[in-house]
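A closer look at the structure
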Amino acid sequence: MNMMNTSGTGRKSAEFLNRIVSHQTDKRRSVNQALGQVLSAYLPTIYDQQLNEQIDWLLDSMLLELGQQPGVARPQGQVRGGRALVVTGQAGAGKSRALSHTFANRPEFEGFGMPGEWCPLLSVVAPSPFTLGALGNEIARKLGYHGRREIQHSKVWPVVRELMAEFGVRILHIDEAQHGDEIRSDTMAQEVENTFKRMMQEADWPIWLILSGLPELSRFCQNDASMKRRVRVLPFEPLTFADHAEAVRQTVHDLVRLCPAVGCGKLKSDEFAHRLLHAATYQFGIVVEYVQDAIAECLAAEGGGELDLGHFADVYALRTGVLIDDLNPFLAKNWTAIPVEAALYEDDVDESGRPTGVRKPKERKTKGARK
């Protein structure tokens, strides 16, 4: 079920990584070692419990549908098929990290993310530009198909259904599933939904779905009465200063305490929490990234010490390329008026230069002095 990896390729990759290590300066090595726990830390939120509750619903529906719930007879008559959980939120809300953490820690999904291990859950990222054929081929590759050519659009989904049954995969997670909205044709959009519906309603091997992506994904199957009752939506809502200022300060504290060389005694004010929320477009995942990157800046520049607004301002400049203090929400006086989202994201375009309707994070710029 895993992508092919020859021994020669694996050996070359290991040699390359060893070469990086051998050319690290002592400072780079010490910074990376100090950052290890900070970067790997997972900070739970209220959505962890909600996500687990909805996955409980998904798994329980599977037991009932397949007649495997002890003490309950298999339902007679029309088969309802699989269910779908749709997890939505803006870019940076923390959806993907929360899902990966949940998948890796639920005993039902033992083997998830471990090469060579069987797992009943398969996770893929929807391709962009999006086509049903491209998605089907991506799933087939994840399931072990290694043909030299892509499977034709008209044939790939029967192959996918056959492979999922062969390998015992019951749950398909598609991340960035909103890429399906790139399809401009109503006919093609309906074909996407119909393809997923067929997988869920397959009599011999029904599939349960978890789709995650931007808020527009909540429209999935909402116009289909027969499917709507089998779909649940879990939105990751943006943070607010009024409700989450203390949680932001606690997030800073929890991450900093994992790096003994760094302190955060200067960053306890409401104003700092508000500036950080605004810079992160009120998304929890971006808040965490800012704190992690600010700790890295503090270690790289001074070897440690107290975090201050300057470290966060440097991170903002690196993420956006904005080098003017008056346009940096950690430094500007009128920081609430700064359109941070426009600085962090840009519209994706296809090969012909036309917007695809997808927004993606801007590439980080080389660090330079702020002006």
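Let me sum up the structure you'll find in this document. (Residues numbered from 1 in each chain as written. Predicted model: local features only at pLDDT ≥ 70, side-chain atom pairs only at ≥ 80, totals over all residues. Heavy atoms only, no water.)

All right, on to the packing of helix α11 (residues 284-302) against helix α12 (residues 309-320) then. It is the contact of α11 with α12, at a shortest axis distance of 8 Å, that shows an interaxial angle of 110 degrees. By the angle between their axes, α11 is roughly perpendicular relative to α12. In this structure, the crossing between α11 and α12 has a hand that is right-handed. Residues Ile-286, Glu-289, Tyr-290, Val-291, Asp-293, Ala-294, Glu-297, Cys-298 and Glu-302 of α11 pack against His-311, Phe-312, Asp-314, Val-315, Tyr-316, Leu-318 and Arg-319 of α12. Among the residues forming the contact of α11 with α12, the class breakdown is nine nonpolar, one polar and six charged. (Axes fitted to C-alpha atoms, helices over the stretch in contact; angles between N-to-C directions. Helix = DSSP H or I, 4+ residues; strand = E, 2+ residues; numbered from the N terminus. Parallel < 35°, antiparallel > 145°, perpendicular 65-115°, else oblique. Left-handed = near helix turned anticlockwise from the far one by under 90°. Contact = heavy atoms within 4.5 Å. Nonpolar A, V, L, I, M, F, W, Y, C, P; charged D, E, K, R; others polar.)

Below, the discussion takes up the environment of Pro-215. With respect to the element layout, Pro-215 can be found in the loop between β4 (208-213) and α8 (225-228). A residue is classified by how much of its surface remains accessible, and Pro-215, at 29% relative accessible area, is partly exposed. Residues Pro-215 and Thr-88, 127 residues apart in the sequence, show an inter-C-alpha distance of 4.9 Å. Beyond its immediate stretch of four places on either side in the chain, Pro-215 contacts Thr-88, Gly-89 and Gln-90. (Buried < 20%, exposed > 50% of the residue type's maximum accessible area, 1.4 Å probe, protein only.)

Our focus in this paragraph is the side chain of His-173. Looking at the element boundaries, His-173 is found in strand β3 (residues 171-175). In this view, His-173 contacts Leu-99, Phe-103, Leu-122, Ser-123, Val-124, Ile-210 and Ser-212; residues no more than four positions away in its chain are not counted.

Here we come to the nonpolar core. Side chains of a nonpolar character, in soluble globular proteins, are inclined to be buried together. Counting 44 residues, the largest nonpolar core has Leu-276, Tyr-290, Ile-295, Leu-307, Phe-312 and Tyr-316 as its most contacted members. For this core, the elements supplying multiple residues, two or more each, are α2 (26-40), α9 (241-256), α10 (270-279), α11, α12 and α13 (340-344). Ranked by residues supplied to this core, first place goes to α11 with eleven residues. If we skip the residues at most four places from it in the chain, Ile-295 touches Leu-35, Val-38, Leu-255, Val-256, Cys-259, Val-262 and Leu-307. Judged by nonpolar contacts, the second largest core, of 33 residues, contains Leu-135, Ala-140, Val-156 and Ile-207. (Core = buried A, V, L, I, M, F, W, Y, C linked by side-chain atoms within 4.5 Å.)

This paragraph deals with helix α3 (residues 46-65). Compared with the 28 Å implied by 1.5 Å per residue over 20 residues, the 29 Å span of α3 between its first and last C-alpha is a close match. If you check which residues of α3 are buried, you get Tyr-47, Asp-48, Leu-51, Gln-54, Ile-55, Trp-57, Leu-58, Leu-59, Ser-61, Met-62 and Glu-65. Those residues of α3 that are buried lie in contact with β1 (84-89), α4 (95-105), β3, β4 and β5 (231-236). With its phi angle positive at about 70 degrees, Gly-67 sits one or two positions after the end of α3. (Expected span 1.5 Å × (residues − 1).)

With 19 residues, α11 should cover 27 Å at 1.5 Å per step; its first-to-last C-alpha distance of 27 Å lies within 8% of that length. Where burial is concerned, most of α11 is hidden: 15 out of the 19 residues are buried. Among the residues trailing α11, Gly-303 stands out with phi positive, at a value near 80 degrees.

For the peptide bond that leads from Ser-128 to Pro-129, omega is 5 degrees, which places it in the cis range. Examined against the element boundaries, Pro-129 turns out to sit in the loop between β2 (121-125) and α5 (132-142). The backbone phi angle of Thr-281 is positive, close to 50 degrees, even though this residue is not glycine. Following the sequence through the fold, Thr-281 ends up in the loop between α10 and α11. Look at Thr-281 and you get buried, because its relative accessible area is 15%. With a phi close to 60 degrees, Tyr-282 is a non-glycine residue in the positive phi region. With respect to the helices and strands, Tyr-282 occurs in the loop between α10 and α11. By relative accessible area, Tyr-282 is classed as partly exposed at 22%.

Purely spatial values, then, with no claim about function.
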